[in-house]
Amino acid sequence: METKQLESTAAEIEQAAVILRNGGLVGIPTETVYGLGANGLNPEAVAHIFEAKGRPQDNPLILHIPDASWLERYCQNIPDAAYALAEKFWPGPMTMILPRKDMVPDVVTAGLDTVGMRCPAHPVCRAIIQAADLPVAAPSGNTSGRPSPTTARHMLEDMDGKIDAIVDGGPCSVGVESTIIDLTCTPPRLLRPGGITLEQLRSVLGEVDVDPAVTRLLGAGEKPKAPGMKYRHYAPKAPVTVVTGDPARSAAYIAAHAAPEDGIICFEEFMDWFTRQPGMRRVMDLGPALDKEEQARHIFDALRQFDHTDVPAIWAQCPDASGIGLAIANRLNKAAGFHIIEV
Ligand code: TXA
Ligand code: MG
C-alpha cells in the first residue's frame, strides 16, 4: 500500500481521523515518540498493528484518550490515585495500568485483565484523537526490536508501505516513551521509566516500587509485569557497552578501550575530543552532560544512526539515574543487554 504523508493542517488531521474510523493504521506524533495508531475498539484494525510491527501477540497495547473522563468507559475499580495522577500529569507522558472493562478487545490487552491508559499532550495527537472520537490503540511506531521513532522520517524508515498514513507533527519533545505506572498493586509499581520521573510519581503517590526489569536483566524464571520489557528492545546491530559514572572518567575509559572503528555515543562536551582521536569517526552526540532532557531527545536517534553503519561495537556514556536519567539509562542498558561498566 502507499503510505500517505500528511501534514498537521486541520484538513489532513480530519483525513487521519477518517482513516482511523475506517479501521486503518495511522502514524501519529506524540510528545514521547511516534505511535502506530488504530481504532482501539476494532479488533481487526488492532490486529493489523501487530502485523505491521512484527510484534509478538503477547505484548499488550495502550489506549490513548482525550481526557481522564474517558477512563470510566474502559476501566473499572479505578482508585483515587489514578485521578490524582491524571490531575497532575495529564495530558502528558504517563500511562496508567488499570483493571479493564470487558468491552476492551482481548487483542489490545493480550488477554490480560488490565489495560494501559494514556492521555497524550501533543496538540496534533490530541486533535486526531478528538476528531476520530475513539480510544486510539498505539504502540511505538518502530518495527519490533528497533529503537522507537522520534521523527516522522524515522517512522517511515520502518513503516513506509505498511500503513495507510503518517501525520508529521515535528520531532518529539520528550524523546523517550511514557512512564508506565501499575495502579493494580500496592504499593503502585513503576513498570517503565519515562517522561514523568519516579520522583514526580512519589510526590503524588508516596511509596512506589520499581519493577526489577527496569534496572537489571531478568533471570530465566522471572517475568516482568510489562510484557514488553522482556524483549531485547532498542537493539542496534552492534553490541553496546554502557559506561556510567563521572563524565570525564567515563569518556577516558571509552577512549582507552574502544577500537578505532567502534561507534561512540558521548556527551556534547566530549564530541570534539573523541572526533580528534585517531581513527574514531563515528561519534554521536547525546547532548550536554548536565541536560538530561536534551539527552532524552537524542537517545533513540543516536542508536538508530548506528544501524546505518557497520561499526563492530558501540560505547555509550550514560547519565546518573535521577530524574529522566532513569529512563535514559534504562533505554541504553536495554540496548546493551545490561552490559554496564561503572567507572
Ligand atoms: O509513550 C508511549 O507510551 C508510546 C506512545 C506512542 O504513546 N507508546 C508506547 O507503546 O511506548 P509500546 O506498545 O511501544 O509500549 C507499551 C508498553 C509495552 O512494554 C507493554 O508490554 C506495556 O506497555 N503494557 C501495555 N499494556 C499493559 C498492561 N495491561 N500491563 C502491563 N504492561 C502493559
Ligand atoms: Mg515500543
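It should be emphasised that the depicted structure is a prediction, and the values quoted were computed from it without experimental measurement.

So, how was this worked out
Residues take numbers from 1 onward in each chain, read along the sequence in its written order. Here chains are named by letter from A upward and ligands by number from 1 upward, in the order in which they appear as written. Two thresholds apply to this predicted model, a pLDDT of at least 70 for residue-level local features and 80 or more for giving and counting side-chain atom pairs, whereas whole-chain, interface and lining totals are computed over all residues. Hydrogens and waters are ignored; side-chain quantities use all the structure's heavy atoms. In this analysis the probe radius is 1.4 Å and the grid spacing 1 Å, with only protein atoms considered; a cavity is a set of points the probe fits into but cannot get out of, a pocket is an open set with protein on both sides within 12 Å along at least five of seven lines, and lining residues have an atom within 4 Å of a point. Grid points are joined across faces, edges and corners, and a volume is the space filled by probe spheres set on the points. Helix and strand assignments come from DSSP, with helices taken as H or I runs of at least 4 residues and strands as E runs of at least 2, each series counted from the N terminus. Nearness here has a simple test: a residue counts as near a molecule or strand if at least one of its heavy atoms is within 4 Å of that partner. Side-chain atoms alone can form a polar contact between residues adjacent in sequence; in general such a contact is a pair of N or O atoms within 3.5 Å, and within protein one must be able to donate a hydrogen while the other accepts it. Here the accessible surface of atoms and residues is derived via Shrake-Rupley with a 1.4 Å probe, and residues count as covered only by protein chains that are part of the display. Molecule-in-pocket calls rest on the fraction of atoms, with more than half required to lie within 2 Å of the cavity or pocket grid points. Boundaries between domains were set according to an automatic or database domain assignment. Two residues qualify as a contact provided that any one of their heavy atoms is within 4.5 Å of a heavy atom in the partner residue. Summed over both partners, the accessible area lost on bringing two parts together, with a 1.4 Å probe, is the buried area. Three exposure classes are used, based on accessible area relative to the maximum for each residue type with a 1.4 Å probe and protein chains only: buried under 20%, partly exposed in between, and exposed over 50%. Two strands qualify as a pair provided that DSSP identifies no fewer than 2 bridges between them. Every axis corresponds to a line fitted to the C-alpha atoms, with the helix fit spanning only the stretch in contact, and the corresponding angles, defined between N-to-C directions, vary from 0 to 180 degrees.

Quick look at the layout of surface pockets now. Volume-wise, the largest pocket comes out at about 700 Å³. For the largest pocket, the lining is made up of 45 residues, of which Arg55, Pro60, Ile62, Ile180 and Arg192 are closest to its centre. Of all elements in the fold, only β4 (62-64), β6 (114-118), β9 (179-182) and β10 (189-192) reach the threshold of two or more residues within the lining of the largest pocket. Among the elements that make up the lining of the largest pocket, the one with the highest residue count is β6 (four residues).

So, about the site of ligand 1. Not every one of the 27 residues close to ligand 1 is listed here, only the nearest: Thr32, Asn59, His64, Ser178 and Gly228. The side chain of Asn59 places a nitrogen or oxygen atom 2.6 Å from an oxygen atom of ligand 1. Contact distances for ligand 1 include 2.9 Å between an oxygen atom and a side-chain N or O atom of Arg192. Against a free-state accessible area of 680 Å², the protein chains account for coverage of 98% of ligand 1. Put simply, ligand 1 lies in the largest pocket. Within the residue set of the shell around ligand 1, elements represented by two or more residues are β4, β6 and β10. For the shell around ligand 1, the element with the highest residue contribution is β6, accounting for four residues.

In this section: the domain arrangement of the chain. Size of an interface, as often reported, equals the accessible area lost when the parts are brought together. In terms of domain boundaries, the chain breaks down into domain 1 (4-214) and domain 2 (240-342). Between the C-alpha centres of domain 1 and domain 2 there is a distance of 28 Å. Counting residues at the interface gives 26 residues for domain 1 and 18 residues for domain 2. Contact between domain 1 and domain 2 buries roughly 1,700 Å² in total, counting both sides, with carbon and sulfur atoms accounting for 53%. On the domain 1 side of the interface with domain 2, the three residues burying the most area are Pro147, Val176 and Pro193, jointly 28% of the side's total.

This brings us to helix α2 (residues 43-53). Residues separated by three or four positions in an α-helix point in the same direction, a consequence of the helix having 3.6 residues per turn. All buried positions along α2 are accounted for by Ala45, Val46, Ile49, Phe50, Ala52 and Lys53. Each element contacted by the buried residues of α2 is listed here: β3 (35-39), α5 (106-109), β7 (136-137) and α7 (152-159). Its side-chain oxygen 3.0 Å from the backbone nitrogen of Glu44, Asn42 forms the N-cap of α2. Backbone geometry just downstream of α2 places Gly54 in the positive-phi region, at approximately 65 degrees.

Turning our attention to the sheet that holds strand β16 (residues 340-342). Pairing within the open sheet is parallel, and its five strands lie in the order β14-β13-β15-β12-β16. Each end of this open sheet is capped by a strand with a single partner; those strands are β14 (283-287) and β16. If you compare each strand with its neighbour and ignore which way they point, the axes differ by 20 degrees on average. Strand direction decides the pairing type here: strand β13 (residues 263-267) and β14, joined by four bridges, are parallel. Bridged to Phe267 within β14 is Gly287.

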